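For reference, the chains in residue letters:
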Amino acid sequence: MAKTYALLLRGINVSGHRKVPMAELRPLVEGLGHRDVRTYLQSGNAVFTTDSTATEDELSTELEDAIEGRFDFRVDCLVRDADYLAAVAEACPFPAAELEGKQLHAIYYSGPADPERFAAIDREAYLPEEFALGDRVLYLYVPEGLGRSKLGDVVSRPAVVKGLVATARNWNTVVKLVEMTRATSEE
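Cut-off values and rules
- Residues numbered from 1 in each chain as written.
- Predicted model: local features only at pLDDT ≥ 70, side-chain atom pairs only at ≥ 80, totals over all residues.
- Heavy atoms only, no water.
- Core = buried A, V, L, I, M, F, W, Y, C linked by side-chain atoms within 4.5 Å.
- Buried < 20%, exposed > 50% of the residue type's maximum accessible area, 1.4 Å probe, protein only.
- Helix = DSSP H or I, 4+ residues; strand = E, 2+ residues; numbered from the N terminus.
- Contact = heavy atoms within 4.5 Å.
- 1 Å grid on protein atoms, 1.4 Å probe; cavity = no way out; pocket = protein on both sides within 12 Å on 5 of 7 lines; lining within 4 Å.
- Points joined across faces, edges and corners; volume = space filled by probe spheres on them.
- Nonpolar A, V, L, I, M, F, W, Y, C, P; charged D, E, K, R; others polar.
- Polar contact = N/O pair within 3.5 Å; in protein donor to acceptor, adjacent residues only side chain to side chain.
- Pairing = 2+ DSSP bridges.
- Axes fitted to C-alpha atoms, helices over the stretch in contact; angles between N-to-C directions.

A.B. asks: Is there a simple way to think about the nonpolar core in this case?
C.D. replies: In globular proteins that are soluble, nonpolar side chains generally tend to be buried together. In terms of nonpolar packing, the biggest core is built from 25 residues, with Y108 and W171 touching the most fellow members. Listing elements by their share of this core, those giving two or more residues are β1 (3-9), α3 (82-90), β5 (104-109), β7 (137-141) and α6 (171-186). Among the elements that line this core, the one with the most residues is α6, at 5 residues. Sequence-distant contacts of Y108, defined by excluding residues within four places in its chain, comprise L8, L78, Y84, L85, V88, R136, V137, V165, A166, T167, R169 and V174. The next biggest cluster of nonpolar side chains, apart from the first, holds 21 residues, and it includes Y5, M22, A46 and L63.

A.B. asks: Could you clarify how one ought to interpret unusual backbone geometry in this entry?
C.D. replies: As a rule of thumb, non-glycine residues mostly have phi less than zero, and peptide bonds are mostly trans rather than cis. Backbone torsion omega between L127 and P128 reads 10°, so that peptide bond is classified as cis. If you trace the backbone, P128 turns up in the loop between β5 and β6 (130-134). A positive phi angle, close to 55°, is found at D36, a residue other than glycine. With respect to the helices and strands, the residue D36 is situated in strand β2 (residues 35-40). One non-glycine residue, R136, lies in the positive phi region at around 60°. The residue R136 is located in the loop between β6 and β7 in this model.

A.B. asks: What am I meant to see in the layout of surface pockets here?
C.D. replies: Once rolled over the atoms, a probe with the size of a water molecule shows which space is left empty. Estimated volume of the largest pocket: approximately 330 Å³. Elements with a contribution of two residues or more to the lining of the largest pocket: β5, α4 (150-155) and β8 (166-170). Here the lining of the largest pocket is built from residues that sort into 10 nonpolar, 4 polar and 3 charged. Its volume calculated, the second largest pocket comes out at about 190 Å³. Around the second largest pocket, the lining is made up of 13 residues, and of these S43, T167, A168, R169 and N170 lie nearest the centre. Considering every element that reaches the lining of the second largest pocket, the biggest residue donor is β8, with 4 residues. Class assignment for the residues of the lining of the second largest pocket results in 5 nonpolar, 6 polar and 2 charged.

A.B. asks: Help me understand α3 in this model?
C.D. replies: Since the α-helix advances by 3.6 residues per turn, residues separated by three or four positions end up pointing in the same direction. By the burial criterion, the buried members of α3 are A82, Y84, L85, A86 and V88. One side-chain oxygen of the residue at the start of α3 lies 3.1 Å from the amide nitrogen of D83, identifying that residue as D81.

A.B. asks: Please explain the pairing of β6 as it appears in this structure.
C.D. replies: Side-chain positions along a regular strand alternate between the two faces of the sheet. In the sheet, β6 pairs with β7 via 5 bridges, with the strands oriented antiparallel. Residue A132 lies in a different strand from β7, and its bridge partner there is Y139. Once β6 ends, the chain turns through 2 residues before running back antiparallel as β7, passing R136 with a positive phi of about 60°.

A.B. asks: Hey, could you run me through the sheet that holds β5 in this one?
C.D. replies: The strands that make up a sheet pair up through hydrogen bonds in the backbone, lying either parallel or antiparallel. The antiparallel open sheet is built from 4 strands, whose spatial order is β6-β7-β5-β8. The open sheet has two edge strands, β6 and β8, and neither has a second partner. Between one strand and the next, the sheet's axes are offset by a mean angle of 20°, whatever the strand orientation. Across the sheet, α3 touches β5 and β7, and the angle it forms with β7 is around 35°.

A.B. asks: Sorry, what's going on with the sheet that holds β2 here?
C.D. replies: Reading across the sheet, the 4 strands line up as β2-β3-β1-β4 and stay open at both edges, with antiparallel pairing between neighbours. Each edge of the open sheet is held by one strand with a lone partner, namely β2 and β4 (77-81). The mean angle between the axes of side-by-side strands here comes to 20°, regardless of whether they run parallel or antiparallel. As paired strands, β2 and strand β3 (residues 45-50) are joined by 4 bridges and run antiparallel to one another. Across the sheet, residue R35 finds its bridge partner in β3, namely T49. On top of the sheet, helix α2 (residues 56-71) reaches β1, β3 and β4; it is set at about 140° to β4, its chief contact. Here α3 sits on the sheet in contact with β1 and β4, set at roughly 85° to β4.

Have a look at this one:
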């Protein structure tokens, strides 16, 4: 049975570094036997369908290896299925429909976002910025945007996310990836 996934690449095409052109990523993913590959923006988002029975982690490793083979540098990848992406959007504890996309972010993790990792953060000190944890995701509300956020820096510190791959997407991208994976899986 075919399944639809989103591919989230971490830290590419930023200030001209670690360039992975989306026009080159699509055929790379197709070359691994996946189909219906579409990309979104230049920041490392793709959607694909596959008949593979590999796990999300196995697909991530396969894609990381292929990207390294093609571009000569390794890129952390997260692969998440359509149901997971929809569940993350639906479980958002913040009023997403009332906010601008730049005010709300989802930081996806490669593993559980255990509350103990974040216990030392003095949440009151960063108000009105807030965060909430979900299934392998942290929801981050930053009224002035991520670029001005102090809390965004704190929740991303290496000591906090040690051992996890983490990659953030603004809410507009979260919604678009849900739409793209849902549309592909319904075809």
